[in-house]
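Geometric and topological summary
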Amino acid sequence: MIELKTPGEIEAMRAAGRVVATTLATVRAAARPGVSLLELDEVAATVIADAGAKPAFLHYHPGWAPNPFPATICTSVNDAIVHGVPGRSRLAEGDLVSIDSAAVLDGWCGDSAISFVVGAADPADLALIETTERALAAGIAAAVPGNRLGDIAHAIGVVARAAGYGIMADHGGHGIGRTMHEDPHVANEGRAGRGLVLRPGLTLAVEPMFTRGGLDAYRTDADGWTLRTTDGSWAAHSEHTIAVTEDGPRILTLA
Ligand code: MG
Ligand code: MG
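Residues numbered from 1 in each chain as written. Chains lettered and ligands numbered in written order. Predicted model: local features only at pLDDT ≥ 70, side-chain atom pairs only at ≥ 80, totals over all residues. Heavy atoms only, no water.

1. Overview of helix α2 (residues 37-50)
Relative to the 20 Å expected for 14 residues at 1.5 Å per residue, α2 spans 20 Å between its end C-alpha atoms, a close match to the ideal helical length. For α2, the complete set of buried residues consists of Leu37, Leu40, Asp41, Ala44, Val47 and Ile48. Projected down its long axis, α2 shows its buried positions confined to an angular sector of 125°, all on one face. Turned more than 90 degrees off the buried face of α2, the exposed positions are Glu42, Ala49 and Asp50. (Helix = DSSP H or I, 4+ residues; strand = E, 2+ residues; numbered from the N terminus. Expected span 1.5 Å × (residues − 1). Buried < 20%, exposed > 50% of the residue type's maximum accessible area, 1.4 Å probe, protein only. Arc of directions from axis to C-beta.)

Okay, structure coming up:
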């Protein structure tokens with residue numbers, strides 16, 4: 001079922017989105033060579049708690065996962081694409097880090113992800129990140145009343161393929177509201193002009209996940225959560241929560 005949100009509910013989601021934006025900015029500022037992923041997770045937990053919110057990922061247990069997610073944020077480093085479980089490993093110069101954060105404030109969710117390189121970067125990794133951000137912007141720009149879900153998917157997918165990147169299979173964006181994951185699924189590749197008609201009040205998480213090696217395939221770590229490329233190439237992930245409004249797309253997870 002797809003629940004359209006009222007303007008007041010979208011404002012409530014904007015407040016949750018602000019918490020997520022602050023979390024990501026604070027984690028990014030703390031991410032330096034030598035810092036462990038668990039330390040970044042603690043930074044995120046503190047920001048979310050100080051805002052009076054709750055992390056949506058902590059204890060999240062979808063049917064496909066063997067165990068509940070054990071942390072506040074997902075930390076996906078280098079060949080990890082998404083859902084990386086923060087552990088004791090420490091960041092090193094040149095690592096490509098994707099941080100995914102979702103929080104619940106007053107019963108409403110925000111969900112956003114950023115990718116960045118720690119320290120000196122390989123220009124090809126920066127290009128990968130810039131391309132996911134550009135695809136995210138293109139997908140968001142297509143989220144206007146009267147367009148269809150396929151227009152968002154198409155806008156994202158063509159950016160990835162033009163750059164020769166892979167698009168992670170079986171994963172994409174989603175509806176969001178009182179819970180982190182709601183209908184509809186928002187694919188990262190598709191046919192323009194197809195699918196659900198976008199209406200004001202529809203709130204979506206849009207999230208391209210691209211791989212440098214050009215493969216769409218992924219594999220799952222023994223932890224049951226961390227998803228990696230099959231060829232060892234590095235991946236990037238960019239996400240915003242948005243609302244479709246009469247005035248166009250509104251990003252709810254900006255700082
Ligand atoms: Mg997310
Ligand atoms: Mg999401």
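Read on for the rest.
2. Considerations on the coordination of the magnesium ion (ligand 2)
Coordination of the magnesium ion (ligand 2) by the protein comes from Asp111 (OD), His174 (NE2), Glu207 (OE) and Glu239 (OE), over a distance range of 2.1 to 2.2 Å. Within one chain, the residues serving as donors to the magnesium ion (ligand 2) are arranged as D-x62-H-x32-E-x31-E. The metal-metal distance between the magnesium ion (ligand 2) and the magnesium ion (ligand 1) is 3.2 Å, with Asp111 coordinating both. Placement of His174 in strand β7 (residues 173-175) and of Glu239 in the loop between β13 (235-237) and β14 (240-245) is noted, with a sequence separation of 65 residues between them. Judged by its relative accessible area of 6%, His174 is buried. Given the relative accessible area of 1%, Glu239 is considered buried. (Donors = N, O, S within 2.8 Å, 3.2 Å for Na, K, Ca; no water.)

3. Focus on the layout of surface pockets
Quantified by volume, the largest pocket comes out at close to 410 Å³. For the lining of the largest pocket, the elements supplying multiple residues, two or more each, are β7 and β11 (218-220). Here the lining of the largest pocket is built from residues that sort into 11 nonpolar, 10 polar and five charged. (1 Å grid on protein atoms, 1.4 Å probe; cavity = no way out; pocket = protein on both sides within 12 Å on 5 of 7 lines; lining within 4 Å. Points joined across faces, edges and corners; volume = space filled by probe spheres on them. Nonpolar A, V, L, I, M, F, W, Y, C, P; charged D, E, K, R; others polar.)

4. Overview of the coordination of the magnesium ion (ligand 1)
Note on the magnesium ion (ligand 1): its protein donors are Asp100 (OD), Asp100 (OD), Asp111 (OD) and Glu239 (OE). The metal-donor distances range over 2.0 to 2.6 Å. When the donors of the magnesium ion (ligand 1) are listed by position in the chain, the intervening gaps give D-x10-D-x127-E. Residue class for Asp100 comes out buried when judged on its relative accessible area of 6%.

5. So, the packing of aromatic side chains
For the structure on display, the rule yields three aromatic pairs. Ring geometry for Phe57 versus Phe69: centroids 5.8 Å apart, planes at 55°, classification tilted. With Phe57 in the loop between β1 (54-55) and β2 (74-77) and Phe69 in the loop between β1 and β2, the pair connects residues that are 12 residues apart, well separated along the chain. The exposure class assigned to Phe69 is buried, which follows from its relative accessible area of 0%. Measuring from ring centre to ring centre gives 5.0 Å for Phe69 and Trp225, while their planes differ by 80°; the resulting arrangement is edge-to-face. (Phe/Tyr/Trp six-rings, centres within 6.5 Å; stacked < 30°, edge-to-face > 60°.)

6. Overview of the environment of Ser76
Position of Ser76 among the secondary structure elements: in strand β2. With a relative accessible area of 1%, Ser76 lands in the buried category. Sequence-distant contacts of Ser76, defined by excluding residues within four places in its chain, comprise Ile81, Val82, His83, Gly84, Leu96, Val97 and Ser98. Among the polar contacts listed, one links the side chain of Ser76 to the backbone nitrogen of His83, at a separation of 3.4 Å. In terms of polar contacts, Ser76 uses its side chain to reach the backbone amide nitrogen of Gly84, at 3.0 Å. (Contact = heavy atoms within 4.5 Å. Polar contact = N/O pair within 3.5 Å; in protein donor to acceptor, adjacent residues only side chain to side chain.)

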